[in-house]
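Each chain is listed here by its residues.
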Amino acid sequence: MIKLRVAGTGRFLPERVLANDDLSLSLDTSDEWIRSRTGIVERRLLAPETPPAFMGIAAAEKALRQAGLDPEKLDLLVVATNVPEELIPGSSPFIAEGLGLPHEPPFFDIKAGCAGFVFGMAVAGAMMKSGLARNALLVGIEALSRFVDWEDRKTCVLFGDGAGAVALVMADDDRGILGISLHGDPTKRGLLRIPAGGVRLPASFETVQAKKHFLEMKGRGVYQSAVTMMERATLEATERAGISLADIDWLLPHQANLRIIEALVKRLGFPRERVLVNIDRVANTSTASIPILLDEAVRAGKIVDGDILALTAFGAGACYGTVILRW
Ligand code: ACO
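Residue positions are counted from 1 within each chain, in the order its sequence is given. Only residues with pLDDT of at least 70 get local features here, since the model is predicted, and only at 80 or more are side-chain atom pairs given and counted; chain-wide, interface and lining totals rely on the full set of residues. By convention in this description, side-chain values take in all heavy atoms of the structure and omit both hydrogens and water.

K.L.:
In this structure, what is going on with the overall build of the protein? I would like to understand it.
P.N.:
Numbered from the N terminus, helices here are DSSP runs of H or I no shorter than four residues, and strands are runs of E no shorter than two. A count of helical and extended segments in the protein gives ten helices and 13 strands. In terms of overall dimensions, the protein is globule-like: its C-alpha atoms have a radius of gyration of 19 Å, near the 20 Å expected for 327 residues. Note on exposure labels: buried denotes an accessible area under 20% of the residue type's maximum, exposed denotes more than 50%, and partly exposed covers the range between, all computed with a 1.4 Å probe on protein chains only. Out of the 327 residues in the protein, the part that is buried amounts to 57%. We call two residues in contact when some of their heavy atoms are within 4.5 Å. Contacts in the protein between residues far apart in sequence, at least 24 positions, make up 77% of those at least 6 positions apart. Here the protein displays about 14100 Å² of accessible surface, and carbon together with sulfur accounts for 53% of that area. Across the protein, the mean location of the 37 positive side-chain charges is 5 Å away from that of the 40 negative side-chain charges. Throughout, the radius of gyration refers to the C-alpha atoms, and the reference size of a globule is 2.2 Å times the residue count to the power 0.38. Only the protein chains shown count as cover for residues, and all accessible areas are computed by the Shrake-Rupley method using a 1.4 Å probe. When charges are tallied, Lys and Arg are placed among the positive residues and Asp and Glu among the negative ones, while His and the ends of the chain are skipped. The atom standing in for a charge is NZ when the residue is Lys, CZ when it is Arg, CG when it is Asp and CD when it is Glu.

As C-alpha cells, this is what we get:
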C-alpha cells in the first residue's frame, strides 16, 4: 500500500465548444454517426494562439488551491502528455515555469499514451513511498486537436482538448493506493501513432506533404485491445489490492469511447451506475481524461472520504493499467 491523499483536484477545459453538427458542416459525417459509435456529442478546442501549457497551469493551480498547498511546498511535478509543448524539453518545464517554483523541485514528462495519468499516479506514489517526495503534483494535459487531420473523419471526431491535475500529499491513515497493475504490449504499438517528427522519421517537406505528422489510428484494433487490456489490469489491480470488484465504489475509465467503456463494464459485470462518464461533453482528452473526470466527480460531491476508486486506462504503446485508490 502507498499511503497518500489526493488533497486537491483541478481541471481546465477550453471555452470553444465544437459540436458534432459543427463538424458535419465540413466533413462527411453526422451527429447520429458520431453519437451512436462513440457517445460523443461535443468537444472543447483550445484556441490556436493559446499555448497548451496554459491549460495545465490552470488545472494545477486549482488543485493546489483546493489542497491548500503552497507551490513552494511541492517537491515533485509529473506531467503526463502525448504531445509535448516542445519535443525537447517536453511540457513539464513550461508548467513549472507557469506555477513559479523558485525552489526548483524536479519535474519530468511521462509518455504512456492515454494511460499516462495512471502511470503517473504509480510513479508519483512510488516516489512518495520511497521518501523522494512528500507533496507531488500530477498533471494530465492534451491538445490533440493540433495533431489530428481535420479532414480525416475517422480520427478527428474523437478528440478534445483539456487538462486535469491532482495534488498528492502523504497520508497517515488508510487512504492511498491499494493496488496497481501496469502493462505494455509493444506488438500493438502500431495501433495509434504519429509516424513523423521523431528521430525515426524526422520532419521534412515530404513528411508534411504526406500528412505523416497527424495521428493515425486503427480503430477496430484499438477497440478490441482497449476492452481486454483494461479488463485485465482492473482484475489484476483489484486482486493485488486484496479487494473484490464489488468493493469498488467508482470506476473511472479512460474516456476513449462510450462503446469501449460499456463493453468493459459488461465484461467485468460492474454496475453501470457506478461508472463515471463525461465523454459526451468533452470527447477523448487522452491523458487528461481521468483527472478531468475525477475533478468533476469530486466537485459534484459524488466521491466522498473512504470511497474506493479504480482508475483504468489504455493508450498508445500499447500501455495500459489500473490504479485502485482509497479516497
Ligand atoms: N462519420 C461517418 N462515417 C465514418 C466516420 C465518421 N466520423 N468515421 C468512419 N466512418 C466510416 C468509415 O469511413 C467506414 O466507411 P466505409 O465502410 O465506406 O469505408 C465506416 O464508417 C466504418 O468504418 P470503421 O472504421 O470500420 O467503423 P467502426 O464501426 O469500426 O467505428 C470507431 C469506428 C468508432 C473509431 C471504432 O472503430 C472505435 O470505436 N474504435 C475505437 C477507437 C477509439 O476509441 N479511439 C480513441 C482513441 S485511442 C485511445 O484513447 C486509447
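K.L.:
What's the story with the environment of V304 in this structure? I'm lost.
P.N.:
Counting through the fold element by element, V304 comes out in the loop between helix 10 (289–299) and strand 12 (308–315). Counting along the chain gives 22 residues from V304 to R326, while the straight-line C-alpha distance between them is 10.0 Å.

K.L.:
Sorry, what's going on with the domain arrangement of the protein here?
P.N.:
The accessible area lost on association of the parts is a frequent measure of interface size. Domains assigned within the protein are domain 1 (4–173) and domain 2 (177–326). Domain delimitation in this document rests on an assignment produced automatically or drawn from a domain database. Inter-centroid distance (C-alpha atoms) of domain 1 to domain 2 is 14 Å. Listed as interface residues are 51 residues of domain 1 and, on the opposing side, 45 residues of domain 2. In this assembly, domain 1 packs against domain 2 so that about 3800 Å² is buried in total across both faces, 66% of it on carbon and sulfur atoms. A simple way to read buried area is as the amount of 1.4 Å-probe accessible surface that goes missing from two parts once joined, with both sides added. For the domain 1 face of the interface with domain 2, the top three residues by lost area are R11, C114 and V118, together amounting to 17%. Put simply, a salt bridge is a Lys or Arg side-chain nitrogen that is within 4 Å of an Asp or Glu carboxyl oxygen. Summed over the shared surface of domain 1 and domain 2, the result is three salt bridges. Elements represented by at least two residues in the side of domain 1 that touches domain 2 include exactly strand 1 (2–12), helix 2 (31–38), strand 3 (42–45), helix 3 (53–67), helix 5 (116–130), strand 6 (135–142) and strand 7 (162–170). Ranked by residues supplied to the side of domain 1 that touches domain 2, first place goes to helix 5 with seven residues.

K.L.:
I keep staring at the nonpolar core and nothing clicks. Help me out?
P.N.:
Of all hydrophobic cores here, the largest spans 46 residues; its most connected members are L23, V157, I248, L251, F270, F314 and I324. Elements that contribute at least two residues to this core include exactly helix 7 (219–241), helix 8 (258–268), strand 12 and strand 13 (319–326). Of the residues forming this core, the biggest block, eight residues, is contributed by helix 7. In terms of domain composition, this core takes at least three residues from each of domain 1 (4–173) and domain 2 (177–326). Once residues lying within four places of it in the same chain are set aside, the contact partners of F270 are L245, I248, L251, V265 and V275. Take the buried residues of types Ala, Val, Leu, Ile, Met, Phe, Trp, Tyr and Cys, join any two whose side-chain atoms come within 4.5 Å, and each joined set is a nonpolar core. Core analysis: the second largest hydrophobic core is formed by 37 residues, L4, A136, I303 and A313 among them.

K.L.:
Help me understand the site of the ligand in this model?
P.N.:
It suffices for a single heavy atom of a residue to lie within 4 Å of a molecule or strand for the residue to be listed as near it. Looking at the ligand, there are 24 residues lining it, with T29, R153, H254, N257 and N284 nearest. Take H254: an N or O atom from its side chain is 2.8 Å from an oxygen atom of the ligand. Here a polar contact is taken to be a pair of N or O atoms separated by no more than 3.5 Å, where protein atoms must pair a possible hydrogen donor with a possible acceptor and residues adjacent in sequence count only if both atoms sit in side chains. A distance of 2.7 Å is found between an oxygen atom of the ligand and a side-chain nitrogen or oxygen belonging to N284. Compared with its free state, where it exposes 1000 Å², the ligand has 78% of that area covered by protein. When grouped by side-chain class, the residues that make up the shell around the ligand number twelve nonpolar, six polar and six charged. A domain-level breakdown of the shell around the ligand finds at least three residues from each of domain 1 (4–173) and domain 2 (177–326). Here the nonpolar group is Ala, Val, Leu, Ile, Met, Phe, Trp, Tyr, Cys and Pro; Asp, Glu, Lys and Arg are the charged ones; every other residue, Gly included, is treated as polar.

K.L.:
Please clarify how the pairing of strand 11 (residues 250–253) should be interpreted in this entry.
P.N.:
The side chains of a regular strand alternate, first on one face of the sheet and then on the other. Of the two faces of strand 11, the one holding W250 and L252 and the one holding L251 and P253 are both buried throughout. In this analysis, strands are considered paired if DSSP registers two or more bridges between them. Of the pairings in the sheet, the one linking strand 11 to strand 12 comprises four bridges and is parallel in character. Considered in strand 12, the bridge of P253 is made with T312.

K.L.:
Can you walk me through the sheet that holds strand 13 in this structure?
P.N.:
Adjacent strands of a sheet pair through backbone hydrogen bonds, lying either parallel or antiparallel. Strands sit in the order 5-4-6-7-1-8-13-12-11 across an open sheet of nine strands; the sheet is mixed. The outermost strands of the open sheet, each flanked by one partner alone, are strand 5 (107–110) and strand 11. Adjacent strand axes in the sheet meet at a mean angle of 25°, parallel and antiparallel pairs treated alike. The axes used here are C-alpha line fits, helices contributing only the stretch in contact, and every angle between their N-to-C directions lies in the interval 0 to 180 degrees. Sheet strands in contact with helix 3 are strand 1, strand 6 and strand 7, and its direction is about 125° off that of strand 1.

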